[in-house]
Amino acid sequence: MGGRLLRMMKVRNPWGERAPRTWKGPWGKDSDKWTPELKYRLGVVNSSNVEMEDPMSVFWMDYNDVKEYFGAVEICRVHEGWCESRTQVWLPSGVGPGQGVDVTVFRRTAVDICIWQEKHIAREAALHAKATNIDVGFAVLRKLGKSDGKTQYELTEIVKRGRTDDVSSEMILEGGYVYRIVPTSYGLSQEFTPRRAVVAVHSVQAVETERVSLDWSDTAAAVILGTRKRGKKRPIQQAAQGVSCWLLQEDAGMSFVAENASDSLTAVQVDASDSIGCVASRESFDAVVALPPKSRQVLMGVAYARGAIRCGTAIQAVGLPGDAANFALRGEGLHMDLPISAPPVPPPDQAILDRAPAEKPELQRNITRGSSMSNEDMLQAAMELSMQKAEDKTIKT
């Protein structure tokens, strides 16, 4: 407008036609900024100047006003023409590591992955609660091969744990590889009543999905690689040479991992007992842990407890003399030790590429959007994707 780009957002009040009030600022229903041509181009009115939607419940705002007056915006990403797959899985618990989803990618494609945790009317009604959500996140790992019977991975993306109904992320996956979606959760670590979740995968190009039973090494790799990528390096008092730790603060708790790059067995004492309203991935918040040479390990995972009014995490760690390692806990389950070294990324598997179905070239323009955008860029991208059909109607006056 006026020779400049105008960024606007169309907003719907969930009250619908019963909405008692509406936006009265610039571009509201009575704003003098509107022109007949602009209203028609944006679908506010039709060619007969008849309003297409209720003006009280659906309105337009300048993007800067949206940022000024809204504390948060949730966007439902609708990918018209994309492929869709939904798989029900079990989340990690005291029973075991649960299940994940293997995604075979035939050619480079944009994907949108979401995990919805189950709702249980009877369980929540018994507690007089609207929801009893636990902490849920996930990692997307590219499979590199096997070593000592364990699958080796490269981290593609990590989504921090939250207690919302769902967690999601958009990313780019390269063709010719198999990726594993690994749910992460500590809230049921000491319980034997696992919960279900639904993993939804939307993709521009067709992919294959398969539910798989996970090994604790898969979950440990997801937590370790994700914490090293997104967490902060944490100094450890009296730590032996070659020992490093990383701490990842999440919306639903924290993850704490360690690496021993030396050739000697060592030990670390970790203490999260000052955490408030939390549960731990171990039986106790305090543990003395052995770190074998050339290994990585999840020292402690902490999640906010269900129903807790006050929640807060705190953790301390200190290195111990070498002989203390003889009396320390050896890693098992989520806390098993994994090798530091990983094989290089292999070339794309030709057998996978040869099975590629027909390409969808008209949608390939979306694959330029990655998961490393800022929040503002992601919001702008989501706005653009939701209005793909209208993007060719750019208004220049």
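Reading the values: rules and limits
Residues numbered from 1 in each chain as written. Predicted model: local features only at pLDDT ≥ 70, side-chain atom pairs only at ≥ 80, totals over all residues. Heavy atoms only, no water. Salt bridge = Lys/Arg side-chain N within 4 Å of Asp/Glu carboxyl O. Helix = DSSP H or I, 4+ residues; strand = E, 2+ residues; numbered from the N terminus. Buried < 20%, exposed > 50% of the residue type's maximum accessible area, 1.4 Å probe, protein only. Pairing = 2+ DSSP bridges. Axes fitted to C-alpha atoms, helices over the stretch in contact; angles between N-to-C directions. Contact = heavy atoms within 4.5 Å. Patch = residues over 30% accessible without salt bridge, like charges linked within 9 Å, V, L, I, M, F, W, Y side chains within 5 Å. Areas by Shrake-Rupley, 256 points an atom, 1.4 Å probe, with all protein chains shown as cover. Expected span 1.5 Å × (residues − 1).

### Structural notes on the pattern of salt bridges
Between side chains of opposite charge, a pair can form as their charged atoms come close.
Thinking step 1. Considering all chains together, one arrives at 18 salt bridges under this definition.
Thinking step 2. We note a salt bridge from glutamate 53 to lysine 10, for which the minimum N-O separation is 2.9 Å. Of this pair, glutamate 53 sits in the loop between α1 (36-41) and β2 (58-62) while lysine 10 sits in strand β1 (residues 8-12); the two residues are 43 residues apart in sequence, bridging distant segments of the chain.
Thinking step 3. By relative accessible area, which is 36% here, glutamate 53 ends up partly exposed.
Thinking step 4. A salt bridge links glutamate 174 to arginine 108, with the shortest nitrogen-to-oxygen separation between them at 2.9 Å. Taken together, the positions of glutamate 174 in the loop between β8 (166-173) and β9 (177-184) and arginine 108 in the loop between β4 (99-105) and β5 (109-117) put the pair 66 residues apart, joining distant regions of the chain.

### What about the sheet that holds strand β7 (residues 150-162)?
Thinking step 1. Read across the open sheet, the 5 strands follow the order β7-β6-β9-β4-β11; overall the sheet is antiparallel. A single partner strand is all that each edge strand has here, and the edge strands are β7 and β11 (207-213). Put simply, the sheet's adjacent strands are angled 25° from each other on average, direction ignored.
Thinking step 2. Across 5 bridges, β4 lies against β9 in antiparallel orientation. In the strand pairing of β9, valine 101 is matched with isoleucine 181.
Thinking step 3. Packing of helix α4 (residues 216-230) onto the sheet brings it into contact with β6 (136-147), β7 and β9, and relative to β7 it is tilted by some 60°.

### Things to note about a nonpolar patch on the surface
Thinking step 1. Where nonpolar side chains cluster on the molecular surface, the patch consists of Tyr69, Phe70, Val73 and Ile75 and spans about 360 Å² of accessible area.
Thinking step 2. As for its position among the elements, tyrosine 69 is in helix α2 (residues 63-69).

### Points about α4
Thinking step 1. Compared with an ideal rise of 1.5 Å per residue, which puts 15 residues at 21 Å, α4 spans 21 Å between its outermost C-alpha atoms and is within 8% of the ideal.
Thinking step 2. Here α4 lies mainly inside the structure; 11 of its 15 residues are buried.
Thinking step 3. By the burial criterion, the buried members of α4 are Ser217, Asp218, Thr219, Ala220, Ala221, Ala222, Val223, Ile224, Leu225, Gly226 and Thr227.

### Some thoughts on the side chain of threonine 87
Thinking step 1. Mapped onto the elements of the fold, threonine 87 is located in strand β3 (residues 83-90).
Thinking step 2. Classification of threonine 87 as buried rests on a relative accessible area of 10%.
Thinking step 3. Setting aside its immediate chain neighbours within four residues, threonine 87 contacts Val101, Ala197, Val198, Val199, Thr209 and Arg211.

### Regarding the pairing of strand β10 (residues 196-203)
Thinking step 1. Summarising burial for β10: 6 of the 8 residues are buried, a large majority.
Thinking step 2. Examined bridge by bridge, β3 and β10 share 8 bridges and lie antiparallel to one another. Following the sheet pairing, threonine 87 is matched in β10 by valine 199.
Thinking step 3. Pairing between β5 and β10: 7 bridges, direction antiparallel. By the bridge assignment, tryptophan 116 is partnered in β10 with valine 198.

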